[in-house]
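The lines below spell out each chain.
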Amino acid sequence: MIKYWQAIPKVFITALLLLGIGEWINLDVVSAQSRGSYVSSRSIQNLKRSGQRWIEINRRSQTLIAWQGNRAIYSVIVSTGKAETPTPAGIFKIQSKYPTARMQGEDYNVPDVPHVMYYSGNYAIHGAYWHRSFGIPISHGCTNVAPDHAAWLYSWASVGTTVVVR
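Residue indices follow the written sequence of each chain, beginning from 1 at its first position. With the structure being a predicted model, the display of local features is reserved for residues of pLDDT at least 70 and the display and counting of side-chain atom pairs for 80 or more, all residues being used for whole-chain, interface and lining totals. Note: side-chain values were computed over all heavy atoms of the structure, leaving out hydrogens and water.

**Student:** Which residues make up the pairing of strand β9 (residues 162-165), and what are the values?
**Tutor:** With a 1.4 Å probe rolled over the protein chains alone, any residue whose accessible area is under 20% of its type maximum counts as buried; one over 50% counts as exposed, and the rest are partly exposed. Only DSSP runs of H or I reaching four residues or more are called helices, and only runs of E reaching two or more are called strands; each is numbered from the N terminus. Residues T162 and V164 point to one face of β9 and V163 and V165 to the other, with burial holding for every one of them. A pair of strands counts as paired when DSSP detects no fewer than two bridges linking them. Bridging between strand β1 (residues 53-58) and β9 involves four bridges; their strand directions are parallel. Paired with I57 across the strands is V165, a residue of β9. Pairing analysis gives four bridges linking strand β4 (residues 90-93) to β9, with the strands arranged antiparallel. Opposite I91, over in β9, you have V164 as the bridge partner.

**Student:** Before we move on, could you go through the sheet that holds strand β8 (residues 143-145) and cite the residues and values that matter?
**Tutor:** Strands in a sheet are paired, the pairing made by backbone hydrogen bonds, and the direction either parallel or antiparallel. On the basis of which strands lie adjacent, the open sheet formed by four strands has the order β5-β6-β7-β8 and mixed pairing. Two strands close off the open sheet at either side, each with one partner strand: β5 (96-105) and β8. The mean inter-strand angle of the sheet, taken between neighbouring strand axes irrespective of direction, is 40 degrees. In this analysis, two residues are considered to be in contact whenever any of their non-hydrogen atoms come within 4.5 Å of each other. In this analysis an axis means a line fitted to C-alpha atoms, helices contributing only their contacting stretch, and an angle means the value between N-to-C directions, from 0 to 180 degrees. Strands in contact with helix α4 (residues 147-156) are β5, β6 (108-120), β7 (123-127) and β8; relative to β6, the strand with the most contacts, it is inclined by about 35 degrees.

By themselves, these observations are geometric and do not establish any function.
This is the structure in structure tokens:
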């Protein structure tokens, strides 16, 4: 279910375009900032300079890249949230890891989800054995990864690893 406040940025942007004001605005930035989820290029540069491990999830390209500082270590196609159940943007830390977990919601109940890494509440990076539609937003907000790739990520990342979703 889409809450009314989630549509406000789209309405605002549509109004700007109809008034002819929007052509000079970066619409992705306006939309992301209005939700409080804009990831600055300064934050990315700081992560690249840090030398630390971090994960970047790009919702537009449906990709996940595991980084060590400024060096891409691993890249994979993923499935993030559908429009009605979007994956939230922002900078997070992996909070907990589970070899397997049951995931339940209003319209799903999936046992034995492999290689689960929660980074924000119920949002996680995890293996998905129930579909092969990677590259298409299909999830309820989590980042779905093929099980073999999820296994690699699970062994590479630790609790506290930064996760950037944009």
